[in-house]
Amino acid sequence: MKALVTGGAGFIGSHLCEALLKKKWEVYAIDNLSTGNIKNIEHLQNSKLFHFYMDDIMNERIMKSLIRKVGIVFHLAAAVGVKYILDNPLDSIRTNVRGTEVVLELANSFGKKKVFLASTSEIYGKNRGDKTSFKETDDRLLGSTTKWRWSYSCTKALDEFLSLAYYREKRLPVIIGRFFNTCGPRQTGRYGMVIPRFIKEALLNKPITVYGDGKQTRCFLYIDDAVRAILGLVDEKKAIGEIFNIGNPRSISILELAKKIKKITKSKSRIEFVPYEKAYEKGFEDMRHRKPDISKIQSFIKFSPKVEIDELLKRTIKYLER
Ligand code: UDP
């Protein structure tokens, strides 16, 4: 079995490469290291089955040569992180839209290779103030185009439409996974992700910066659970042409999360509340709650998250301490 992992040096990508290599797959990984990190895959470089290309997914020549070789493309390369999207608006849109077009076009023309598209829970936008969970078929609610955060949701929605269009018109076998907040070793806080940011602040005894009132809630999925979900889905024929939420339905408020991290790390940090407009930009919009309904994925494959928040934090703290 041969696979191409785009974004292979990223947080999810590097863990996926590792899991595929454990299964004795031959793995080709491409990453331009814009948000990925070569350190994430250093330990894989010794394997004869692993081939890394530091290049851009918009480079059609290289993508052609790679897609030709493999049976499946895990398309994980994308601009990620709320902060990164705000800081790099143009690059984010181009990578997500043009990059996905290249992957789908080539996967289709070189023998209709299977494509797993990594999408996101940002798709749902700021819908709902309550705590009920999102189903794949739920409406989306986005803010104005003057609020940059929503550009990400739009680009990934276009990626989903494009993938489904290839499936409907060309019978290209695509599977779409919408990742809710995913976390674990190798995730960096540089692009905004809350857990590595809080851990770093706690370890350095600096203020833990909670944005807004901290009562917003999120659900965190451990990376190994995310990888199991991906592998399970690509193994299931019935999953083709379908969209799946991938997440852990257990939610926690951001303030509670800060307190937990402070306690586990025995940090002297104080918790500081930072207004959203100071943390991001004027008029920034956040969703109060975001929780996945995972009944669909569970009806297709055997999947339930195994690692809960305390263990997720312990493992991530251990990694960041090093
Ligand atoms: N957040 C925070 N402090 C930080 C980074 C993030 O309080 O240093 C908050 C953020 O405003 C959001 C939640 O934590 O409400 C999760 O943020 P993240 O960017 O990790 O993921 P999101 O769910 O927003 O995509």
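Refer to the structure presented above.
Computed from a predicted model, the values in this text were never measured in an experiment.

(A) Region of interest: the nonpolar core. Membership of the largest hydrophobic core comes to 60 residues, with the highest contact counts inside it found for Phe74, Phe116, Ile195 and Leu257. The biggest single contributor to this core is helix α7 (residues 223-234), with eight residues.

(B) Structural detail: the pairing of strand β11 (residues 243-246). Going residue by residue along β11, you find Ile243 and Asn245 tucked away on one face and Phe244 and Ile246 tucked away on the opposite face as well. Relative to β11, strand β6 (residues 174-179) runs parallel, the two sharing four bridges. What sits directly across from arginine 178, in β11, is asparagine 245.

(C) Inspection of the side chain of serine 119 at higher detail. Inspection of the secondary structure puts serine 119 in strand β5 (residues 114-120). The exposure class assigned to serine 119 is buried, which follows from its relative accessible area of 5%. Beyond its immediate stretch of four places on either side in the chain, serine 119 contacts Lys156, Glu160, Ile176, Gly177, Arg178 and Phe179.

(D) Structural context of the packing of helix α2 (residues 60-69) against helix α4 (residues 89-109). It is at 10 Å that the axes of α2 and α4 come closest, and there the two elements cross at 40°. As the angle between them shows, α2 and α4 are arranged oblique. Regarding α2 and α4, the two cross each other, and that crossing is right-handed. Residues Glu60, Met63, Lys64 and Ile67 of α2 lie in contact with α4, whose contacting residues are Arg98, Val102, Val103, Leu106 and Ala107. Here the residues of the contact of α2 with α4 are counted per class, giving six nonpolar, no polar and three charged.

(E) Spotlight on the site of the ligand. Near the ligand you find 19 residues, and of these Val194, Tyr211, Arg218, Asp286 and Arg290 are the closest. One of the backbone N or O atoms of threonine 209 is found 2.8 Å from a nitrogen atom in the ligand. In this structure, arginine 290 approaches the ligand through a side-chain N or O atom, which is 2.7 Å from an oxygen atom. In isolation the ligand offers 510 Å² of accessible surface; the protein chains occlude 95% of this area. Breaking the shell around the ligand down by element, the ones donating at least two residues are α6 (194-203) and β8 (208-211). For the shell around the ligand, the residue count by class is nine nonpolar, four polar and six charged.

Rules and cut-offs
- Residues numbered from 1 in each chain as written.
- Predicted model: local features only at pLDDT ≥ 70, side-chain atom pairs only at ≥ 80, totals over all residues.
- Heavy atoms only, no water.
- Core = buried A, V, L, I, M, F, W, Y, C linked by side-chain atoms within 4.5 Å.
- Buried < 20%, exposed > 50% of the residue type's maximum accessible area, 1.4 Å probe, protein only.
- Helix = DSSP H or I, 4+ residues; strand = E, 2+ residues; numbered from the N terminus.
- Pairing = 2+ DSSP bridges.
- Contact = heavy atoms within 4.5 Å.
- Axes fitted to C-alpha atoms, helices over the stretch in contact; angles between N-to-C directions.
- Parallel < 35°, antiparallel > 145°, perpendicular 65-115°, else oblique.
- Left-handed = near helix turned anticlockwise from the far one by under 90°.
- Nonpolar A, V, L, I, M, F, W, Y, C, P; charged D, E, K, R; others polar.
- Near = heavy atom within 4 Å.
- Polar contact = N/O pair within 3.5 Å; in protein donor to acceptor, adjacent residues only side chain to side chain.
- Areas by Shrake-Rupley, 256 points an atom, 1.4 Å probe, with all protein chains shown as cover.

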